[in-house]
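Coordinate inspection notes
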Amino acid sequence: PSQNSELKTPNPQFNSSCILSKHHYKLKVGINIPTYLPTVPFQKTKRTMINNTFKKLYLGAMLVAATTIPAQVSSRKVAGEYIAETGFYQSLTLLDEDPLVQKASKFQEISVIRSKHYGKVLMLDGVIQLTEKDADSYNEMMTHPAMFSHPKPKRVLVIGGGDGYVVSEVLKHPEVEHVDHVDLDGDVIDVCREHFHWGKAWDDHRVNLHIADGAAFVKNAPEGFYDVIIQDSSDPYTWDDETGEKIDLPSKTLYSHEHFVNIQKSLGKEGVFSFQAETFNIESDLNGIVEWRQRALEVGFRTAKYGSITISSYPTGQIGFLLCCKSNTTVPSMSVINKRFQKMDEEGDRTSYYQPKLQESVFSLPLWVERRIYSDPPTSMF
């Protein structure tokens with residue numbers, strides 16, 4: 001149907017919308033039962049790639065969702081995600097109430113809604129970004145392995161992560177004197193400042209907020225200025241399901257050779273770079289992990305290791321990060337890390353997911369994943 005037309009279905013059991021994810025850019029399905037299907041929102045935005053493939057996937061996703069929703073949730077609001085590459089679908093039941101926030105920024109639709117089990121849920125363009133229940137796992141692991149890998153992280157740059165959770169975790173380290181936080185959408189920051197308990201992080205005198213493009217900011221950063229850089233960004237590309245052709249997405253520049261060179265230059269000699277690196281359970285994402293790791297090594301990082309995170313509200317229940325170090329001789333020992341962690345805990349800056357044991361064990365991967373990422377040449381998943 002055209003953008004202004006209305007798509008009706010004889011089955012009043014299903015209502016769906018097709019959106020692309022910040023973290024995965026796979027097909028998303030939002031279900032609200034029972035109603036008729038509304039207008040299909042196929043408009044181009046910064047975070048939405050539209051083509052005939054996605055329209056066909058939309059119709060396929062409706063069938064998947066309609067045939068797999070349990071009877072006990074058939075009258076509830078559900079936010080879900082269908083990944084065409086793997087045929088994987090999962091959903092999260094929401095409370096039957098109006099959103100706490102529903103507004104449009106210059107770049108995307110912003111919503112805060114509630115779930116009985118997951119608490120408040122941040123959604124961008126209808127896609128789950130984080131939940132109060134399990135946001136600790138992703139954000140603590142994006143932050144603390146990197147921070148503890150530096151002997152004294154005084155100056156930190158956070159790229160993306162407009163929800164502010166990573167910034168709040170960075171501030172738990174008493175060594176931190178200066179934090180630059182760069183994000184493109186100030187409206188997301190305003191919403192999260194008001195509706196999530198970690199939103200007070202931006203009020204800390206050490207934090208300097210920049211509403212700007214992350215790649216441009218790093219390009220102009222002073223050489224050797226930062227001790228740690230954490231990049232919580234969206235995907236650089238996706239794939240056309242019909243042709244197999246790679247489709248570049250806006251965040252591609254944050255995974256480019258040039259950007260990695262700029263990151264490496266802006267870090268000090270003991271600098272550490274941690275960035276969002278997708279799930280190993282999707283083949284195209286796994287290919288990306290191999291490619292990004294190699295790129296990090298090519299620009300001068302001495303080590304680049306993939307860490308795995310368990311998080312139930314993300315597709316496949318797993319996501320990861322690449323931890324890249326400019327030096328492999330100055331990383332603190334586990335005894336030092338334990339002492340630093342204990343000091344944080346005693347001062348009330350506690351974690352709920354991260355613990356020092358994970359500083360090493362997070363990099364222990366299933367055998368087939370380890371062979372795929374670290375073998376030379378890389379082996380195939382199948």
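Residues numbered from 1 in each chain as written. Predicted model: local features only at pLDDT ≥ 70, side-chain atom pairs only at ≥ 80, totals over all residues. Heavy atoms only, no water.

Digging into the overall build of the chain
To keep things clear, this is the line we draw: The helix and strand labels rest on DSSP assignments: H or I over at least four residues marks a helix, E over at least two residues marks a strand, and numbering proceeds from the N terminus. The rule is simple: take the accessible area with a 1.4 Å probe, protein chains only, and divide by the maximum for that residue type; under 20% is buried, over 50% is exposed, in between is partly exposed. Throughout, a residue-residue contact means that at least one pair of heavy atoms, one from each residue, lies within 4.5 Å. Exposure was quantified through the Shrake-Rupley algorithm and a 1.4 Å probe, taking into account, for residues, occlusion by the shown protein chains and nothing else.
Within the chain one finds 10 helices and 17 strands. A burial count over the chain gives 54% of its 382 residues as buried. Long-range contacts, defined here as pairs at least 24 residues apart, represent 65% of the contacts in the chain between residues at least 6 apart. When the accessible surface of the chain is summed, it comes to about 16,500 Å², and 49% of that surface belongs to carbon and sulfur atoms.

Digging into the sheet that holds strand 7 (residues 119–124)
To summarise the sheet geometry, strands pair through backbone hydrogen bonds and adopt either a parallel or an antiparallel arrangement. The line we're drawing: Any two strands with at least two DSSP-identified bridges between them are counted as paired. Angles shown run from 0 to 180 degrees and are taken between the N-to-C directions of axes, each axis being a line fitted to C-alpha atoms and, for helices, limited to the stretch in contact.
Sheet architecture is open: four strands sit in the order 5-6-7-8, paired in antiparallel fashion. With partners counted over all chains shown, the strands left at the sheet margins are strand 5 (101–104) and strand 8 (127–131), one partner each. The average angle at which neighbouring strand axes cross in this sheet is 25 degrees, direction not considered. Running at roughly 165 degrees to strand 5, helix 4 (residues 186–195) makes contact with strand 5, strand 6 (109–115) and strand 7 of the sheet.

Digging into the pattern of salt bridges
To keep things clear, this is the line we draw: Whenever Lys or Arg places a side-chain nitrogen within 4 Å of a carboxyl oxygen from Asp or Glu, that contact is recorded as a salt bridge.
Inspection of every chain in the model, using the stated rule, returns nine salt bridges. We note a salt bridge from R340 to E175, for which the minimum N-O separation is 3.4 Å. Highlighted residues: R340 in helix 8 (residues 334–346) and E175 in the loop between helix 3 (165–170) and strand 10 (178–183), separated in sequence by 165 residues. The burial state of R340 is the same as that of E175; both residues are buried. Of the charged contacts in the structure, one is a salt bridge between D204 and R206, with a shortest N-O distance of 2.9 Å. Taking the relative accessible area as the measure of exposure, D204 reaches 21% and is therefore partly exposed. Assessed through its relative accessible area of 15%, R206 is described here as buried.

Some remarks on the sheet that holds strand 17 (residues 318–325)
Spatially, 11-10-9-12-15-17-16 is the arrangement adopted by the seven strands of the open sheet, whose pairing is mixed. Only two strands of the sheet have a single neighbouring strand rather than two, namely strand 11 (207–211) and strand 16 (303–310). For this sheet, the mean inter-axis angle between neighbouring strands, taken without regard to orientation, is 15 degrees. With five bridges joining them, strand 9 (residues 155–160) and strand 12 (residues 226–232) adopt parallel strand pairing. If you follow I159 over to strand 12, its bridge partner there is Q231. Docked against the sheet, helix 6 (residues 257–266) engages strand 9, strand 12 and strand 15 (267–276), running at close to 140 degrees with respect to strand 15.

Considerations on the side chain of R340
Short version of the rule: Pairs of N or O atoms are called polar contacts if they sit within 3.5 Å, as long as, within protein, a hydrogen donor faces a hydrogen acceptor (for residues adjacent in sequence, only side-chain-to-side-chain pairs).
Exposure remark for R340: the relative accessible area of 11% places this residue in the buried category. Reaching out from R340, the side chain makes a polar contact with the backbone oxygen of M147 at a distance of 3.1 Å. In terms of polar contacts, R340 uses its side chain to reach the backbone carbonyl oxygen of H150, at 2.7 Å. Setting aside chain neighbours within four positions, we find R340 in contact with M147, F148, H150, P151, P153, H173, E175 and P332.

Brief notes about unusual backbone geometry
The backbone of E278 shows a phi angle near 65 degrees, a positive value even though the residue is not glycine. Topologically, E278 is positioned in the loop between strand 15 and helix 7 (283–298). A relative accessible area of 0% places E278 in the buried class.

As for helix 6
Those residues of helix 6 lying buried are H259, F260, N262, I263, Q264 and S266. Buried residues along helix 6 sit in contact with strand 9, helix 5 (214–219), strand 12, strand 15 and helix 7.

Quick notes on the packing of aromatic side chains
Geometrically, a pair of aromatic rings is defined through the distance of the ring centres and the angle of the planes. Stated precisely, the cut-off is as follows: Ring pairs are drawn from Phe, Tyr and Trp, using the six-membered ring of Trp, whenever the two centres fall within 6.5 Å, and their geometry is named by plane angle: stacked under 30 degrees, edge-to-face over 60, tilted for the rest. Only lysine NZ and arginine CZ atoms are considered, and such an atom sits over a ring when it is within 6 Å of the ring centre and within 35 degrees of the ring normal.
Applying the stated criterion to the full structure yields 16 aromatic pairs. Residues F260 and F273 carry aromatic rings whose centres are separated by 5.7 Å and whose planes lie at 85 degrees to one another, so their mutual orientation is edge-to-face. A residue pair is termed long-range when its members are at least 10 positions apart, and F260 in helix 6 and F273 in strand 15 qualify at 13 residues. Note on accessibility: F260 and F273 belong to one class, buried. The rings of Y255, F260, F273, F275, W292 and F301 are connected pair by pair, giving a single aromatic cluster. Directly above the aromatic system of F225 lies the positively charged group of R155, at a separation of 4.9 Å from the ring centroid. For the cation-ring pair, K305 lies above F363, with the distance from its terminal atom to the ring centre recorded as 4.3 Å.

Overview of the environment of Q129
In this fold, Q129 is placed in strand 8. On the basis of relative accessible area, Q129 is assigned to the buried category, the value being 4%. For Q129 and S313, which are 184 residues apart along the polypeptide, the C-alpha to C-alpha distance reads 8.8 Å.

Some thoughts on the packing of helix 2 (residues 135–148) against helix 8
So the rule is basically this: Angles are sorted into four bins: roughly parallel if under 35 degrees, roughly antiparallel if over 145, roughly perpendicular if 65 to 115, and oblique for all others. Residue classes follow a fixed rule: Ala, Val, Leu, Ile, Met, Phe, Trp, Tyr, Cys and Pro count as nonpolar, while Asp, Glu, Lys and Arg count as charged, and any other residue, Gly among them, counts as polar.
Packing of helix 2 against helix 8 leaves a shortest axis separation of 10 Å and a crossing angle of 125 degrees. Overall, the two elements helix 2 and helix 8 adopt an arrangement that is oblique. Of the residues in helix 8, those in contact with H144, M147 and F148 of helix 2 are I337, R340, F341 and M344. Broken down by class, the residue content of the contact of helix 2 with helix 8 amounts to five nonpolar, one polar and one charged.

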